[in-house]
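# Residue-level structural notes
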Amino acid sequence: MQTKQPTIKTWFPTSIYSKNLETINYNHHLATKALDLKEKLTGSVNDWRCPTFSTINQYDWSTDKDPIINDLIETCRHEVHEFGKTLGVTKEITDLKCNDFWFNISQPGEYQEYHQHTNTHFSLSYYVKAPQNCGNIVFKSLESMFDMNALPIHDNNINELSYKTCSYTPQESGLVVFRSHIPHMVERNLSNESRIGITMNFSYTR
């Protein structure tokens with residue numbers, strides 16, 4: 001008796017968008033800005049359980065009106081909107097707003113634990129300074145948070161149907177865009193230099 005072949009479909013995919021803005025030369029200004037803010041501010045004001053410095057809750061880009069930062073935000077807003085369109089978003093780019101902007105500075109040996117961003121649609125990481133071995137950004141599937149009995153799959157047999165994590169290596173002028181609810185972390189900086197990055201959150205108006 002002839003039997004039909006099974007059908008396997010992949011549902012609930014996790015999509016991540018990445019691009020290098022090679023033609024844009026913001027980084028010297030942004031690195032200087034980040035280090036200057038680190039000198040002026042007393043320290044991070046957040047609930048992270050890691051030593052990475054952040055300007056979150058301390059620096060307001062909207063009142064600073066730095067033209068290079070505003071230009072970077074506008075460039076990134078277009079990239080986020082392109083990603084949104086691939087996911088089926090039908091809103092106009094004028095409906096997409098930058099909610100948050102902050103600098104992160106990670107010294108050698110520092111890291112950032114798993115976390116999520118709340119009350120926003122998309123998050124973006126942009127790399128101002130990214131020496132080799134400065135720590136990948138790692139994403140974890142939501143499924144892995146609720147899987148109480150993981151399948152016995154050896155590492156060399158994991159495939160596109162069973163991945164629970166993925167990572168991206170930072171590249172200067174590179175950006176990574178992802179849905180804000182996806183758990184993510186940054187590995188320990190194993191270089192001898194600081195890693196400087198920028199995080200932004202974007203939301204579509206209802």
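Below, the structure is looked at part by part. Keep in mind it's a predicted model, so treat the numbers as computed, not measured.

## Remarks on the sheet that holds strand β2 (residues 53-54)
Strand pairing in a sheet takes place through backbone hydrogen bonds and is either antiparallel or parallel in direction. Pairing is antiparallel across the open sheet formed by six strands, whose spatial order is β1-β8-β5-β10-β3-β2. Bordering the open sheet on either side are β1 (16-20) and β2, each of which pairs with just one other strand. With two bridges joining them, β2 and strand β3 (residues 96-106) adopt antiparallel strand pairing. The partner of Ser54 across the bridge, within β3, is Asn104.

## Let's talk about the environment of Thr94
Within the element layout of this structure, Thr94 appears in the loop between α3 (67-86) and β3. A C-alpha to C-alpha distance of 8.7 Å links Thr94 and Tyr204, two positions 110 residues apart in sequence.

## Some remarks on the environment of Thr205
One can find Thr205 in the segment after β10 (195-204). Residue Thr205 is classed as partly exposed on the basis of its relative accessible area, which comes to 33%. For the pair formed by Thr205 and Asn20, sequence separation is 185 residues and the distance between their alpha carbons is 27 Å. Setting aside anything within four residues of it in sequence, one finds Thr205 in contact with Lys91, Asp95 and Lys97.

## Points about the nonpolar core
Counting 33 residues, the largest nonpolar core has Tyr126, Met200 and Phe202 as its most contacted members. When residues of this core are traced back to their parent elements, those giving at least two are α1 (27-40), α3, β3, β5 (122-129), β8 (174-179) and β10. When residues of this core are assigned to their parent elements, the largest contribution, six residues, is made by α3. Apart from the residues lying within four places of it in its own chain, the contact partners of Tyr126 are Leu21, Tyr26, Asn27, Leu30, Leu72, Ser173, Gly174, Leu175, Gly197 and Ile198. With nine residues, the next largest nonpolar core counts Ile16, Phe139, Val176 and Ile182 among its residues.

## What about the sheet that holds strand β7 (residues 165-168)?
Reading across from one edge, β4-β9-β6-β7 is the order of the four strands in this open sheet, with antiparallel pairing throughout. Sheet topology places β4 (112-115) and β7 at the edges, where each strand pairs with a single neighbour. With strand direction ignored, the average angle separating the axes of adjacent strands in the sheet is 15 degrees. Relative to strand β9 (residues 184-186), β4 is paired through two bridges, and the arrangement is antiparallel. Among the inter-strand pairings, His115 is bridged to a residue of β9, identified as His184.

## Notes on the packing of α1 against α3
Contact geometry of α1 with α3 gives a least axis separation of 10 Å together with a crossing angle of 115 degrees. Two packed elements cross with a definite hand, and for α1 against α3 that hand is left-handed. Two secondary-structure elements touch here, α1 through His29, Leu30 and Lys33 and α3 through Ile68, Ile69 and Leu72. The class makeup of the residues in the contact of α1 with α3 is four nonpolar, one polar and one charged.

## Some points on the pattern of salt bridges
Going through the model one piece at a time under the given rule, you end up with eight salt bridges. Of the charged contacts, one joins Lys19 and Glu79 as a salt bridge, the two residues approaching to 3.0 Å between their closest N and O atoms. Here Glu79 lies in helix α3 and Lys19 lies in strand β1, a separation of 60 residues in the sequence. Measuring nitrogen to oxygen at the nearest pair gives 2.5 Å for the salt bridge that ties Lys33 to Asp64. Linking Lys33 in helix α1 with Asp64 in helix α2 (residues 61-64), this pair joins segments that are 31 residues apart in sequence. The exposure class assigned to Lys33 is buried, which follows from its relative accessible area of 17%. Connected through salt bridges with shared partners, the residues Lys33, Asp64 and Asp66 form a single ionic network.

Conventions adopted
- Residue numbers run consecutively from 1 along every chain, following the written order of its sequence.
- For a predicted model such as this one, the threshold for reporting local features is a pLDDT of at least 70, and the threshold for listing and counting side-chain atom pairs is 80 or more; totals across whole chains, interfaces and linings nevertheless cover every residue.
- Remark: hydrogens and water are excluded; side-chain values derive from all non-hydrogen atoms of the structure.
- Two strands pair if DSSP finds at least two bridges between them.
- Secondary structure follows DSSP: runs of H or I at least 4 residues long count as helices, runs of E at least 2 residues long count as strands, and numbering of each begins at the N terminus.
- Here's how the labels work: a residue is buried when its accessible area is under 20% of the maximum for its type, exposed when over 50%, partly exposed in between, all with a 1.4 Å probe on protein chains only.
- Between two residues, a contact is recorded if the distance between any of their heavy atoms is within 4.5 Å.
- Buried residues of nine kinds, namely Ala, Val, Leu, Ile, Met, Phe, Trp, Tyr and Cys, make up a nonpolar core once their side-chain atoms join them within 4.5 Å.
- All axes here are fitted lines through C-alpha atoms, helices being fitted over the stretch that makes contact, and every angle between N-to-C directions spans 0 to 180 degrees.
- We call a crossing left-handed when the near helix sits turned anticlockwise from the far one by less than a right angle, and right-handed when that turn is clockwise.
- Gly is placed with the polar residues, together with every amino acid not listed as nonpolar (Ala, Val, Leu, Ile, Met, Phe, Trp, Tyr, Cys and Pro) or charged (Asp, Glu, Lys and Arg).
- A carboxyl oxygen of Asp or Glu within 4 Å of a side-chain nitrogen of Lys or Arg is what we treat as a salt bridge.

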